[in-house]
Amino acid sequence: MIITGKYPGLRLRRNRKSDWTRRLVQENHLSVNDLVLPIFVMDGSNKKESIPSMPDIYRYSVDKIPTILDNAVKSKIPMVALFPYTKSNLKNNSGCEALNENNLVCRSIRLIKKNYKNKIGIMCDVALDPYTSHGHDGILSRGKILNDETIEILIKQSILQSEMGCDVIAPSDMMDGRIGKIRKALDKKKFQDVQILSYAAKYASSFYGPFRNAVGSNNLLKGDKKTYQMDFSNNQEALREIALDIKEGADMVMVKPGMPYLDIIKSVKENFKIPVLAYQVSGEYSLIKNGINKKIINDNSIIESLTSFKRAGASAIITYFADKIAKKLRQ
Ligand code: PBG
């Protein structure tokens with residue numbers, strides 16, 4: 001008699017014999033609803049500028065935003081994330097350009113809300129690094145990044161972005177206690193509906209290199225960000241960070257970078273009942289994209305990489321592949 005509980009009676013390959021059965025038993029599925037598209041904005045008009053560190057990714061002047069947004073809305077991408085390339089003469093120690101209501105991010109929010117209303121969400125980073133002369137996310141004083149003084153500026157930055165129409169405030173600065181303070185300040189100003197997506201477990205990572213080039217902070221950065229971003233050796237600490245930010249009022253939390261930190265996404269998902277977003281960061285993007293361009297791997301690797309986040313438990317993924325993959329998923 002053949003025992004069905006083990007080989008040769010049991011054969012797991014049976015469920016994989018054809019495309020239809022593979023689709024039938026598929027456990028995780030990537031959809032357009034999982035994608036957040038980052039956009040780099042720059043000064044000037046009618047400009048589309050390539051970014052040397054990120055093949056196929058561009059900086060757009062604010063007036064050119066509709067060329068990307070039209071497609072993103074058509075593809076039903078749920079949200080875009082805005083990042084500014086600020087001219088160096090506008091940068092200083094405290095990053096006060098962050099509080100200028102005519103800065104690149106504010107102008108972009110106004111244009112997107114005017115043209116697209118609520119057809120797509122807008123997420124904005126709250127941090128000072130695109131605006132500081134030293135490339136750090138907070139105020140630098142005698143070699144230290146000041147926590148509480150930085151939060152006071154981040155609160156103002158959050159309120160300003162909300163006034164412009166930003167839907168999701170995303171503090172990416174890793175200062176202690178900022179989520180609670182920002183939530184309180186937003187509520188006081190009657191922005192109860194503005195969501196907070198906390199970059200709660202953000203690691204000090206080499207994988208951010210191409211992004212810093214894209215926003216023009218790479219040559220400025222003094223030292224590293226290890227006194228505020230997390231040590232990549234740690235996992236328990238990530239759970240403490242997440243627990244605190246949830247207690248302080250975060251609506252969603254993020255783990256960043258992505259693929260080297262799938263274990264963190266999984267344990268956050270297992271330990272908390274809150275949407276977890278993953279950020280497939282610039283270094284991950286450029287590695288995959290260069291591999292495809294050099295024909296080392298093929299472009300199915302993109303969907304494979306994004307599906308790994310779904311397996312780990314992510315609700316959504318911020319990825320520079322978002323627009324191209326959305327198009328592919330529509331076909
Ligand atoms: C800024 C910020 C960074 C990224 C997003 N927001 C860089 C950093 O912390 O140095 C990285 C994104 C990427 O690499 O794609 N606080």
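Not measured: the values here are computed from a predicted model.

(A) A look at helix α8 (residues 262-271). Listed as buried for α8 are Ile264, Ile265, Ser267 and Val268. Residues of α8 that are buried make contact with α7 (236-248), β10 (252-256), β11 (276-280) and α10 (300-312).

(B) Seen up close, the state of the cysteines. Enumeration over the complete set of coordinates arrives at zero disulfides. Here Cys96 is not cross-linked by a disulfide; its sulfur's nearest cysteine counterpart is in Cys106, at 13 Å. Summary of cysteine pairing: Cys106 is not part of a disulfide, and the nearest cysteine sulfur, belonging to Cys124, is at 7.9 Å.

(C) Region of the structure containing the environment of Ser18. Structurally, Ser18 can be placed in the segment before α1 (19-24). For Ser18, a relative accessible area of 24% translates into the label partly exposed. Sequence separation between Ser18 and Tyr228 is 210 residues, and the spatial gap between their C-alpha atoms is 50 Å.

(D) Just the site of the ligand, in detail. Around the ligand sit 17 residues in total, of which Lys202, Lys225, Lys256, Ser282 and Tyr320 are the nearest. Between the ligand and Ser172, the relevant distance is 3.0 Å, taken from a nitrogen atom to a side-chain nitrogen or oxygen of the residue. One of the side-chain N or O atoms of Gln229 is found 2.9 Å from an oxygen atom in the ligand. Protein coverage of the free-state accessible area of the ligand, which is 400 Å², stands at 100%. A breakdown of the residues in the shell around the ligand according to their chemical character gives seven nonpolar, three polar and seven charged.

(E) Local environment of helix α3 (residues 104-116). With 13 residues, α3 ought to run about 18 Å at 1.5 Å a step, and its terminal C-alpha atoms sit 18 Å apart, in line with that. Along α3, the positions that sit buried rather than exposed are Leu104, Val105, Cys106, Ser108, Ile109, Ile112, Lys113 and Tyr116. Residues of α3 that are buried make contact with β1 (35-42), α2 (65-74), β4 (79-84), β5 (121-126) and α4 (147-164). The N-capping residue of α3, defined by a side-chain oxygen 3.2 Å from the backbone nitrogen of Val105, is Asn103. Lys117 occupies a position one or two residues after α3 and carries a positive phi of about 50°.

(F) Up close: the nonpolar core. Ranked by internal contacts, the top residues of the largest apolar core, which has 105 residues, are Ile39, Phe40, Leu69, Ile112, Met123 and Tyr279. Top element by residues in this core is α4. It accounts for seven residues. Apart from residues no more than four positions distant in its own chain, Leu69 is found in contact with Ile39, Val80, Ile112, Tyr116 and Ile120.

(G) Geometry of the packing of aromatic side chains. Overall, the coordinates contain ten aromatic pairs when judged by the stated rule. Relative to Tyr320, the ring of Tyr285 lies with its centre 5.9 Å away and its plane at 65°, an arrangement referred to as edge-to-face. Of this pair, Tyr285 sits in helix α9 (residues 282-293) while Tyr320 sits in the loop between β12 (316-319) and α11 (322-330); the two residues are 35 residues apart in sequence, bridging distant segments of the chain. Of the residues examined, Tyr285 reaches a relative accessible area of 1% and is grouped as buried. Positioned over the ring face of Tyr279 is Lys256, at 4.8 Å from the centre of the ring.

(H) Structural view of the pairing of strand β2 (residues 48-51). By the bridge criterion, four bridges tie β2 to strand β3 (residues 54-61) in an arrangement that is antiparallel. Along β3, the bridge assignment pairs Ser50 with Tyr58. Hairpin connection from β2 to β3: two residues lie between these consecutive antiparallel strands.

(I) Spotlight on a positive patch on the surface. Together, Arg11, Arg13, Arg14, Arg16 and Lys17 make up a positively charged patch on the protein surface. Along the polypeptide, Lys17 turns up in the segment before α1.

Calculation notes
- Residues numbered from 1 in each chain as written.
- Predicted model: local features only at pLDDT ≥ 70, side-chain atom pairs only at ≥ 80, totals over all residues.
- Heavy atoms only, no water.
- Buried < 20%, exposed > 50% of the residue type's maximum accessible area, 1.4 Å probe, protein only.
- Helix = DSSP H or I, 4+ residues; strand = E, 2+ residues; numbered from the N terminus.
- Contact = heavy atoms within 4.5 Å.
- Disulfide = S-S within 2.5 Å.
- Near = heavy atom within 4 Å.
- Polar contact = N/O pair within 3.5 Å; in protein donor to acceptor, adjacent residues only side chain to side chain.
- Areas by Shrake-Rupley, 256 points an atom, 1.4 Å probe, with all protein chains shown as cover.
- Nonpolar A, V, L, I, M, F, W, Y, C, P; charged D, E, K, R; others polar.
- Expected span 1.5 Å × (residues − 1).
- Core = buried A, V, L, I, M, F, W, Y, C linked by side-chain atoms within 4.5 Å.
- Phe/Tyr/Trp six-rings, centres within 6.5 Å; stacked < 30°, edge-to-face > 60°.
- Lys NZ or Arg CZ within 6 Å of the ring centre and 35° of its normal.
- Pairing = 2+ DSSP bridges.
- Patch = residues over 30% accessible without salt bridge, like charges linked within 9 Å, V, L, I, M, F, W, Y side chains within 5 Å.
- Salt bridge = Lys/Arg side-chain N within 4 Å of Asp/Glu carboxyl O.
- Lys, Arg positive; Asp, Glu negative; His and termini not counted.
- Charge placed at Lys NZ, Arg CZ, Asp CG, Glu CD.

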